[in-house]
Amino acid sequence: MAYNQFTWQLTRILGINPYFRRIKFTLRNYQNMKNVHNTFLKYSLGISTLLLFASCADSTTEKDKTMNDNPLLAEWTGPYQGVPAFDKMDVIHLQPAMETAMQMHLTEIDAIAHNTDAPTFENTILAMEKAGEEINRVFTYYGIWSSNLSTPEFREVQGVLSPKISEYRSKISQNQALFQRIKTIYENAQKNPLEAEQQRLVELTYQEFEMNGANLNEEQKKRYAEINKELAALYTTFSNNVLHDEESYVTFITKDQLSGLPESFINASAKAASDRGQEGQYAITNTRSSMDPFLTYSDERDLREKVWRTYYSRGDNQDEYDNNEVIAQILKLRHERVQLLGYENYAQWRLQDRMAKNPDNAMELMETVWPAALARVEEEVAEMQAIADAENANITIEPWDYRYYAEKVRKAKYDLDSDEVKQYLELNNLTDAIFYVAGELFNYEFTPITDGSVPVFHEDVKVWEVTFKDSGVHIGLFYLDPFARQGKRSGAWATQYRSHANYDGKRNVLSSNNSNFVKAAPGESVLISWDDAETFFHEFGHALHFLSSEVKYPTLNSGVRDYTEFQSQLLERWLYTDQVINRFLKHHKTGEVIPEALVEKIKNASTFNQGFATTEFLGSALMDMKYHTVDPTDINPREFEKETLKALGMPKEIVMRHRSPHFGHVFSSEGYATAYYGYMWADVLTSDAAEAFEQAPGGFYDEEMADKLVKYLFAPRNAMDPAEAYRLFRGRDATIDALMRDRGFPVPKK
Ligand SMILES: [Zn+2]
């Protein structure tokens, strides 16, 4: 469900958002840019800089030579304002491209910092927005390798590059001359406010620098940079360890061990085994999309335990890939870094620019919901135990039994067979469904691009052009990479290769969705679970958020961590609407619309298992916050996790959704560190906003509501304070009541 972590990590540097910012020049823009670069030229520092900048006006210079030699640095060409050359990706080019691009950006930044004119919005803030073209391009490829196409070769380069990237960032965040200019502009703007978007951009930029140590003295800065460099290396180690354990531990089973498993799963497992050279066997891979259905359906309790243990031991196998010591080091370094900045703990530093503002607010929300979730788990376990007893299973419910017996309860109580539901959830139909919703709410049309004019990085990736349905005006592209494969990270995520900005002509958006559906055998339909269908809508919500951006400056596309999941979570609600159900949820063989009775059951079951879902989530979210509000000096993560869960009263039948040693959200970058609660924070907004649609005359397709949705909740991105944007949409602040109703929990008394 993650909104690309790597993107996020990069976003948090000083308004320099490599992913979010990419300007493809129209001819007019190109002319403007030449002028800007020529201005830089006057103030730039050395010969190499002269060459770099001069190249914009002269095609025979050093820079162009490098750029031509290296396809990753080259300007994006072709239709749709230029598109990434995904067909020219070769990892051999990555390190030189990154190093050149980082250097080019640093040179641009230095030119801005040493401009002898008095600092202005244009010559400093806007100039920063415009800088970093090349690095934005290279980071796009880097992101694809890191998430979609990882290989041992890439990981080796990544290991070399990550400390260099960190150093590059520090050089910008600790550029004293640059910060002084920003500070002057910020202080002036406090006295004489600029136009709204400029004002917000100045404030965000200043805050970003301040939070990243711009006010530190020289000695502190040195240490600060060292810490960041060490952290970057640790993040890479952490994620590589998890990936290692995902790829290395595969449970192979034989024909006599398939009892209970659905046919589609058996077929996919047979293919996974033969892909690994184990023809005739069945592979249960060590990923959520394999583990989850196996634990739900397999009648083989011992195997369930084995698969469960393998999955939840990722990064915790007490071998060279064990992450516990890595976590301890990460926590200590993070703590030391915020102490330098004068904060009590990491969480306080991190949450100041979030919608929650501080850890207390986030904890208050979680602690309000937690007891209701635990009470529900007790009821769920009792129901499951009753079924097990009635079957004379002679067991006590253990964590590897939860999904299996929950499925039985679901069948008994709701008579809902997940596999039956799946027959109506065909990937192509669901793709049509998300496009339909975008058409109704956003006035968008999606047209497949099949002429090969847009390169892709894998044959599975499909591309659509996005236009306004009524006017035909071009908005951008949508790339979809749907299937799991080796080297692709697990889960689902959204990214953009180019973000919107209109300060200098309208820049189109290149958005993408990525998931890990299991590819069907040839000639068969790709069928997915209801949960996966929700996730599919979710990620598409992120893509719509990218596509609908109406901000002036690239940095204003940046996400507010506990707010940016809201738009995507809200979009999941449209899967439940009659319009989607009746048009798109059709049986993959007969074409028959999903029966009304089955839909009723799905809706009735929506509060089902909320004890489990809420508890496994909150287990992780609370742990994240606890790790970052204690002094980590002598921390032992394995012990800390155990003790914290005990103190919280975590039920023994449930494990955290992400145990610490593979909690990539928190430890493979700073992406979701003290931010995992954000999903629930966003859920509060989601439930509250969904109730507004339910109550509107036109329901979820109410035109006036749809207008407000786009205008206040999507288009402003971070150009407006999220709390203010929400108030404009809803007429008031969100309350927790709708969330509790949605989960079938009692609404707390005021
Ligand atoms: Zn998301």
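Up top is the structure.
The shown structure was predicted, so the numbers you read here are calculated from the model rather than taken from an experiment.

(A) Broad picture of the overall build of the chain. Scanning the chain from N- to C-terminus turns up 31 helices and 7 strands. Relative to its length of 750 residues, the chain is compact, with a C-alpha radius of gyration of 26 Å against a globular reference of 27 Å. Classification of the 750 residues of the chain by burial places 62% in the buried group. Taking the contacts inside the chain whose residues are at least 6 apart along the sequence as the reference set, 76% of them involve residues at least 24 apart. Element-wise, carbon and sulfur atoms account for 48% of the exposed surface of the chain, whose accessible area totals about 28,800 Å². Counting 80 positive and 110 negative side-chain charges, the chain places the averaged centre of each group 3 Å from the other.

(B) Looking closely at the packing of aromatic side chains. In this structure the tally under the stated criterion is 53 aromatic pairs. The structure contains a cluster of three or more aromatic residues connected by ring pairs, namely Tyr-563, Phe-566, Trp-574, Phe-693, Phe-700, Tyr-726 and Phe-729. Between the NZ or CZ atom of Arg-314 and the centre of the ring of Tyr-311, over which it lies, the distance is 3.8 Å. If you follow Arg-489 out to its NZ or CZ, it ends over the ring of Trp-493, 4.1 Å from the centre.

(C) Expanded view of the sheet that holds strand S7 (residues 509-517). Overall, mixed pairing links the 5 strands, which are arranged S3-S4-S5-S7-S6 in an open sheet. Because the sheet does not close on itself, it has two edges, and the strands there are strand S3 (444-448) and strand S6 (493-498). On average, each strand axis in the sheet is tilted by 25 degrees relative to the strand beside it, whichever way the strands run. Relative to strand S4 (residues 462-468), S3 is paired through 5 bridges, and the arrangement is antiparallel. Residue pairing across strands places Pro-448 opposite Trp-464, the latter belonging to S4. Along the sheet, helix H21 (residues 530-547) makes contact with S3, S4, strand S5 (474-483), S6 and S7, crossing S7 at roughly 165 degrees.

(D) Examining the nonpolar core more closely. Core analysis: the largest hydrophobic core is formed by 148 residues, its most contacted members being Phe-446, Phe-537, Phe-540 and Trp-574. The residues contacting Trp-574, other than those within four sequence positions of it, are Val-437, Leu-441, Phe-537, Val-580, Phe-693, Phe-700 and Tyr-701. In this structure, Ile-172, Leu-178, Val-454 and Tyr-497 belong to the second largest nonpolar core, which totals 62 residues.

(E) Inspection of the layout of surface pockets at higher detail. Its volume calculated, the second largest pocket comes out at about 730 Å³. Elements supplying a minimum of two residues to the lining of the second largest pocket: helix H11 (218-248), helix H12 (263-275) and helix H13 (288-297). Top element by residues in the lining of the second largest pocket is H12. It accounts for 6 residues. Class assignment of the residues belonging to the lining of the second largest pocket gives a composition of 9 nonpolar, 10 polar and 10 charged.

(F) Quick look at H13. Within H13, 8 of the 10 residues are buried, which leaves it mostly tucked inside the rest of the structure. Restricting attention to buried positions, one finds in H13 the residues Arg-288, Ser-290, Met-291, Pro-293, Phe-294, Leu-295, Thr-296 and Tyr-297. In the core, the buried residues of H13 are packed alongside strand S1 (251-253), H12, strand S2 (282-284), helix H14 (301-312), helix H18 (399-414) and helix H19 (418-422).

(G) Main features of the pattern of salt bridges. Counted according to the given criterion, the structure contains 39 salt bridges. The shortest N-O distance in the salt bridge between Asp-275 and Lys-271 comes to 3.3 Å. Note that Asp-275 and Lys-271 are positioned in helix H12 at a spacing of 4 residues, about one turn of the helix. Classification of Asp-275 as exposed rests on a relative accessible area of 54%. A residue is classified by how much of its surface remains accessible, and Lys-271, at 36% relative accessible area, is partly exposed. The partner of Glu-391 in a salt bridge is Lys-408, with the nearest N and O atoms 2.9 Å apart. With a gap of 17 residues between them, Glu-391 in the loop between helix H17 (359-390) and H18 and Lys-408 in helix H18 connect regions that are remote in the sequence. Each of Asp-316, Asp-322, Arg-638, Glu-641 and Arg-659 takes part in one network of salt bridges that share partners.

(H) Fine view of helix H29 (residues 703-714). For H29, with 12 residues, the first-to-last C-alpha span of 15 Å sits near the 16 Å given by 1.5 Å per residue. Taken together, the buried positions of H29 are occupied by Met-705, Ala-706, Leu-709, Tyr-712, Leu-713 and Phe-714. Take H29 and look down its axis: the buried residues cluster within an arc of 160 degrees, on one side only. Facing away from the buried side of H29 by over 90 degrees, the exposed positions are Glu-703, Glu-704, Asp-707 and Lys-711. Of the surrounding elements, those touching the buried residues of H29 are helix H20 (427-442), H21, helix H22 (564-571), helix H28 (678-695) and helix H30 (722-730).

(I) A look at unusual backbone geometry. Residues other than glycine seldom take positive phi values, yet Asn-392 does so here, at roughly 55 degrees. Within the secondary structure, Asn-392 is located in the loop between H17 and H18. A relative accessible area of 68% places Asn-392 in the exposed class. A positive phi angle, close to 45 degrees, is found at Arg-717, a residue other than glycine. Along the polypeptide, Arg-717 turns up in the loop between H29 and H30. Classification of Arg-717 as buried rests on a relative accessible area of 7%.

(J) Here's a closer look at the environment of Arg-337. If you trace the backbone, Arg-337 turns up in helix H15 (residues 324-340). Placed 171 residues apart in sequence, Arg-337 and Asn-508 show a C-alpha to C-alpha distance of 38 Å. Aside from chain neighbours lying at most four places away, what touches Arg-337 is Tyr-224, Ile-227, Asn-228, Leu-231, Tyr-346, Trp-349 and Glu-670. A distance of 3.0 Å separates polar atoms of two side chains, one belonging to Arg-337 and the other to Glu-670.

What counts, and at which threshold
- Residues numbered from 1 in each chain as written.
- Predicted model: local features only at pLDDT ≥ 70, side-chain atom pairs only at ≥ 80, totals over all residues.
- Heavy atoms only, no water.
- Helix = DSSP H or I, 4+ residues; strand = E, 2+ residues; numbered from the N terminus.
- Rg over C-alpha atoms; globule rule 2.2 N^0.38 Å.
- Buried < 20%, exposed > 50% of the residue type's maximum accessible area, 1.4 Å probe, protein only.
- Contact = heavy atoms within 4.5 Å.
- Areas by Shrake-Rupley, 256 points an atom, 1.4 Å probe, with all protein chains shown as cover.
- Lys, Arg positive; Asp, Glu negative; His and termini not counted.
- Charge placed at Lys NZ, Arg CZ, Asp CG, Glu CD.
- Phe/Tyr/Trp six-rings, centres within 6.5 Å; stacked < 30°, edge-to-face > 60°.
- Lys NZ or Arg CZ within 6 Å of the ring centre and 35° of its normal.
- Pairing = 2+ DSSP bridges.
- Axes fitted to C-alpha atoms, helices over the stretch in contact; angles between N-to-C directions.
- Core = buried A, V, L, I, M, F, W, Y, C linked by side-chain atoms within 4.5 Å.
- 1 Å grid on protein atoms, 1.4 Å probe; cavity = no way out; pocket = protein on both sides within 12 Å on 5 of 7 lines; lining within 4 Å.
- Points joined across faces, edges and corners; volume = space filled by probe spheres on them.
- Nonpolar A, V, L, I, M, F, W, Y, C, P; charged D, E, K, R; others polar.
- Salt bridge = Lys/Arg side-chain N within 4 Å of Asp/Glu carboxyl O.
- Expected span 1.5 Å × (residues − 1).
- Arc of directions from axis to C-beta.
- Polar contact = N/O pair within 3.5 Å; in protein donor to acceptor, adjacent residues only side chain to side chain.

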